[in-house]
Structures are given as structure tokens and as C-alpha cells.
Amino acid sequence: MKLLICDDQAIVRDGLYMILRLEEGIEIVGLAENGADAVETAATYEPDLVLMDLQMPVMNGIEATRRIVEAHPQTKVVVLTTYDADEWVFDALQAGAVGYLLKDTPHEQLVAAIRGTLDGQSFVDPNIAGKLIAQVSSHPAPQPPTWLDDLTEREGDVLRLIAQGKTNQEIAETLFLSIGTVRNYESNIFAKIGVSDRTQAALLAQSVVEV
């Protein structure tokens, strides 16, 4: 497996390198000292996994994680940090991190987490897991907006294609409709969902409709 280590403290980077390079099957392809460096290195070597610190100069680990996951969906990011504050945990996971470990994690557990993550498992420090459970329990899953029920099946099809950036001509060809009919559907959709143009409709639809 190809591994990238990102931490702004040289002693931590070098320490992780010295420990992990001895593990069978692990190749350290880069050492990054900030988030921007990690994004650039990931683009060059396309690592299987990134160990990501959070609070760093130039670009923090949250933004770096977001950019790496967006550009390289196959790359997994595991946060390795000293911060267990709620906002860091939630922001990191929302950015696309699949694991969250603290730097005092024992060596054996860290290696197990690296290998397990690449096998599709998720590893979160037990102290942090409790916070996540409490957060999820206090925030029930959002319900889909009521206007979705107001759309007909065909209007839903048109809205989905609008969200994909299709033109009226492309929508007409895809659904075997005339352009005039597509425009009529659009007018009905805009009225039902409370928007005035295609851009607003697309943005709204992308947040709730599978495109």
C-alpha cells in the first residue's frame, strides 16, 4: 500500500516514517508538512491512504482532506491529530475522512487501523466515538422537503436532468418530449419548489435529489 504522511511537525512526520516504513507491505510515498503540500503530493503519487494532521499552516487538514477526496476518490484519509474537539471531528468526517485517531494511539493499533481502513473498515478513537454517537442521537435525520411529493414522476425526471446541467434541448431528446413541453414542465416545477430560474432549481435539487 502507498502511504502519505502529512504533519507540520517534523519530529512527528519523521517518527511516523521511521515506524511505518518497517511494516511489511507499506510504502511511504511522501511526507507533507502542510495541507497544500499533501494535496500536491497526493496528485503526484495517488496514495492509497493519507495520515492527515489537522491544524497546520498554509492549508489545514480539513480542507486538504476535502480536496484530496474530491480529486482522488480511491484515496482514503485517516486523521491523526491531538485534537478531539467536536468541531474538528465532525468537520473532518464531513470532509471525507474515514477514520479519526489521536496521536497517542499505540503503534500496533495505528498499524491495524491503516491496514483495516484499506480493507473497508472505519476506525475512530473510542473517546471520539462517544461524541459522534451523542451528536447523531441529538440530531434526527432530516426529512425530505414536502415539495418532492408535489412533483409528478415526469416533473421529477425533468428536475433531475436540470440538476445534471442538461439544456432544454438535451432534456427534450432524453425524455422524447418537445422543447415546448419541457418548458411547461419547468414552469410547473419552478412554481412548486419556489424558485425563479434553472440555476436556483439545480442548486436546490442537487441537495435533495439523486442526480
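In this report, the structure presented in the accompanying data block is examined. (Residues numbered from 1 in each chain as written. Predicted model: local features only at pLDDT ≥ 70, side-chain atom pairs only at ≥ 80, totals over all residues. Heavy atoms only, no water.)

A short note on helix α9 (residues 168-175)
Here's step 1: Here α9 has its buried residues at N168, I171, A172 and L175. Down the axis of α9, the smallest arc covering the buried residues is 100°, so these residues share one side.
Here's step 2: With its phi angle positive at about 55°, F176 sits one or two positions after the end of α9. (Buried < 20%, exposed > 50% of the residue type's maximum accessible area, 1.4 Å probe, protein only. Helix = DSSP H or I, 4+ residues; strand = E, 2+ residues; numbered from the N terminus. Arc of directions from axis to C-beta.)

Thoughts on the nonpolar core
Here's step 1: The biggest cluster of nonpolar side chains holds 18 residues, and the ones touching the most others in it are L159, I171, I189, I193 and A201.
Here's step 2: Counting only elements with at least two residues in this core, the list comes to α8 (153-163), α9, α10 (179-193) and α11 (198-208).
Here's step 3: Once residues within four sequence positions are removed from consideration, A201 is found in contact with L159, I162, F190, I193 and V195. (Core = buried A, V, L, I, M, F, W, Y, C linked by side-chain atoms within 4.5 Å. Contact = heavy atoms within 4.5 Å.)

Thoughts on the pattern of salt bridges
When charged atoms on two side chains of opposite charge get close, those side chains can pair.
Here's step 1: Scanning the model with the defined rule gives eight salt bridges in all.
Here's step 2: For R66, the salt bridge is made with E63, and the minimal N-O distance between the two is 2.8 Å. Remark: E63 and R66 occur in helix α3 (residues 61-71); sequence separation between them is three residues, near one turn of the helix.
Here's step 3: What makes R66 partly exposed here is its relative accessible area of 30%.
Here's step 4: Looking at E63, the relative accessible area reads 27%, which means it is partly exposed.
Here's step 5: Here the residues in one salt-bridge network are D7, D53 and K103, joined through shared partners. (Salt bridge = Lys/Arg side-chain N within 4 Å of Asp/Glu carboxyl O.)

Structural notes on the pairing of strand β1 (residues 2-6)
Here's step 1: Summarising burial for β1: four of the five residues are buried, a large majority.
Here's step 2: Bridging between β1 and strand β2 (residues 27-32) involves five bridges; their strand directions are parallel. Note on β2: the bridge partner recorded for L4 is G30.
Here's step 3: Note on the crossover from β1 through helix α1 (residues 10-20) to β2: the handedness is right-handed.
Here's step 4: For β1 and strand β3 (residues 49-52), the ladder comprises four bridges, and the chain directions are parallel. Directly across from I5, in β3, lies its bridge partner L51. (Pairing = 2+ DSSP bridges. Right-handed = clockwise from strand over helix to strand, strands pointing away.)

Taken by themselves, the reported measurements are silent on function.
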